[in-house]
Structures are given as structure tokens and as C-alpha cells.
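Coordinates in review
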Amino acid sequence: MSKVLIEENTLRRQAWKYWFVMVTWPVFLVLLPLVYEKNQLAAMIFIVFPGTWLFTWLALLMHESWHKYVPGLPNRGIFHVFGWMLLIDPQIYHLAHISHHKDVNSYRDIEFYPFGQIHNRNIRRLYHLLQIFLGGIFTQPMMSLGVLRHPQFSRECSSLKGLASMSIQVIFIVSTGSVALAISSINLAELVMLYVLVYWSGALLIHHNQLMQHGNLIVKGGYEQRNRATRNLNPNGLMAHIFLFLTHNDALEHVLHHTSPGFYNRPFPGKFPLPDEPVYINAADYPRVLYQMLVDVEPEVQAGV
Ligand SMILES: [Zn+2]
Ligand SMILES: [Zn+2]
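Described in the following lines is the structure provided in the data block.

The rules behind each value
Residues numbered from 1 in each chain as written. Chains lettered and ligands numbered in written order. Predicted model: local features only at pLDDT ≥ 70, side-chain atom pairs only at ≥ 80, totals over all residues. Helix = DSSP H or I, 4+ residues; strand = E, 2+ residues; numbered from the N terminus. Buried ≥ 20, exposed ≤ 12 C-beta atoms within 10 Å, placed from the backbone. Core = buried A, V, L, I, M, F, W, Y, C linked by C-beta atoms within 7 Å. Contact = placed C-beta atoms within 7 Å. Axes fitted to C-alpha atoms, helices over the stretch in contact; angles between N-to-C directions. Parallel < 35°, antiparallel > 145°, perpendicular 65-115°, else oblique. Nonpolar A, V, L, I, M, F, W, Y, C, P; charged D, E, K, R; others polar.

Another point: unusual backbone geometry. The step from phenylalanine 49 to proline 50 runs through a cis peptide bond, and the omega angle for that step is 10°. Within the secondary structure layout, proline 50 lies in helix 4 (residues 40–67). Despite not being glycine, lysine 68 shows a phi value in the positive range, around 55°. Mapped onto the elements, lysine 68 comes out in the loop between helix 4 and helix 5 (75–85). Residue classification places lysine 68 among the partly exposed residues on the basis of 13 C-beta atoms within 10 Å. Although it is not a glycine, glutamate 277 sits at a positive phi angle of roughly 50°. With respect to the secondary-structure elements, glutamate 277 resides in the loop between helix 14 (254–259) and strand 3 (279–281).

Printed below as a string of C-alpha cells:
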């Protein structure tokens, strides 16, 4: 379908985004302390934009390279480099994302339910609370545990690769931070505070983007039914537009990413026909999903659409 709807040359023209983000992310990390020493309020705005905007872009393009959507790119290499820049282990993400597609909207999805259904009510609420306020900072390590305790995925994990990834992440953040310290007058504690804020806010936004699509949603049905229950964000109102801008339209037609994962639709909204009766969520209704998770309302168990 994409071959017909989206020409290969059009797909290839997406490549610049990957190189742009690969260069601008470390540049942003170096520039942030300079902005902070001039004006602390401006630094907070700078963290939201372009900070979280770049972070979510990096994360989404890492995801696109997992799917190898853009031909002619060294997708495997880019996937790893972006993972290291985001401080996540590419081999864990790789395995968890297989599960997200195969087991979406079920307790088997390791990206969302690394421990399956948590039966203890208090632990379940605490788990929801931590993911709502910490986002990926909390869910990424949980996802690693989910992969490592999975009977099949754990066999595909290499501790040597994990150690190598961790070392490269340390080298990346220490070298970027050292340049930032050398060209600004801020101290190490301020630098650590800024970087924690940047990674927390970016990882939080990415996670809420995912919760909007799949949060507290369990579908008792087959692969197709579970895919089709994925929520899409209704692009109405200021909040929805700001959210979609900061997350590069990922939630706009997310159902297509599950019903047709082989086709690259995100940069081309409106080009692909959506399945019948797609599920929409308004930005104003999203807090209700979070509220249900916090007060422990049972997930919207659906029989399939
Ligand atoms: Zn995917
Ligand atoms: Zn999804």
C-alpha cells in the first residue's frame, strides 16, 4: 500500500530528519547551561521547547528506525545511536517493541505491563502513580525487568551488550556535560539538575503520549480487534494541537501504526484510509484515563470492536 500511496523517493526525503536530530540533540544539551546562566526562566522554556520537542522526536525516530521505514538509511545503527542518546538500552527496547505490536492492548504487552496484570491493588496503584509522574524514567527500567524475566526474550539478551550500551551512554552524557561545563559558568550540581529535568520531562511526555493511545485499555479479542481498539487523539482544540506538536503527531492516527505496521503513515496524515469506526479520544477526556488509573478503576475491558 505504501508503495502505491507513498513513493519511495518521498520516503527517502524523510532522511534529513534523522541526521538533523542526531546533531541537534547534543548541541541542545551543550547550549542549555548557557541559556540557564543568562536567564533561569528562559532555560525552563528552553527545556520544553526545543528540549522535549527534540527528545520526543529522537524517541519517535528511534522507533521508526526499528521499523526501517526510511529506505537508504543505516537504520540499525541509527536505532542504537538514538537509544544511547536517550539513555535507553536498544536491545531491551527492540524486544519490548516486538511485544507491543504482537500483544498490544493486553496484559502481555511488555512495554505497558512488564509484570503482566498486577493483582495486588496497592502495588497496582503505586505502579500507576509512578508511571504517571515519572514516565519513562520509571517505565524503562521496569521494561528491562519485564524483558529479563520473559522466558523467550531473556535468552535473546546479552549482558555484554547491555554493559556496552551503558558504557556508551555514560561516555555520551559525560562528554556532552563536560563541554557544557567548560563553556559555561554553572557548577556540576546545576548541570545534573538541568539534565535530570530534560530527561524526565521528555520521558514523561513520551509516556503520556503512549498512555493516551493505550493506557488502561485491555481488549479481550484477537490481534485485529486489539489493534483496532487503539485510541487516536482527536485534533480539536488548543491542548490537542500543542500535544500533537510536541509529540510529532504520533497519536493522530496511531491506530494505523497497529493495523498497518508495515507502512509509514506518521509524516503523511490523511493519506492512509483509517479502519472502520476508529476510536478517538479528546484531549479533555485524557485526564479521565489517568484518574481511573490512580483510583484503580478496572481497565476498559473491551470485547473487541
Ligand atoms: Zn512500532
Ligand atoms: Zn502503540
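What follows concerns the nonpolar core. Note that soluble globular proteins tend to have their nonpolar side chains buried in a common cluster. Core analysis: the largest hydrophobic core is formed by 42 residues, its most contacted members being Leu58, Leu61 and Phe82. Of all elements in the fold, only helix 3 (15–38), helix 4, helix 5, helix 6 (90–102), helix 8 (136–148) and helix 11 (188–214) reach the threshold of two or more residues within this core. Other than its neighbours up to four places away in sequence, phenylalanine 82 contacts Leu58, Leu61, Met62 and Ser65. Residues Met212, Phe243, Tyr286 and Val289 belong to the second largest nonpolar core, which totals 11 residues.

When two helices pack together, their arrangement is given by the angle between their axes and by how far apart the axes lie. Remark: helix 7 (residues 121–134) packs on helix 8, axes separated minimally by 7 Å, with the N-to-C direction vectors making an angle of 125°. As judged from the angle between their axes, helix 7 and helix 8 are oblique. Together, Leu130, Gln131 and Leu134 of helix 7 and Ile137, Phe138 and Thr139 of helix 8 make up the contact between the two elements. Residue composition of the contact of helix 7 with helix 8, grouped by class: four nonpolar, two polar and no charged.

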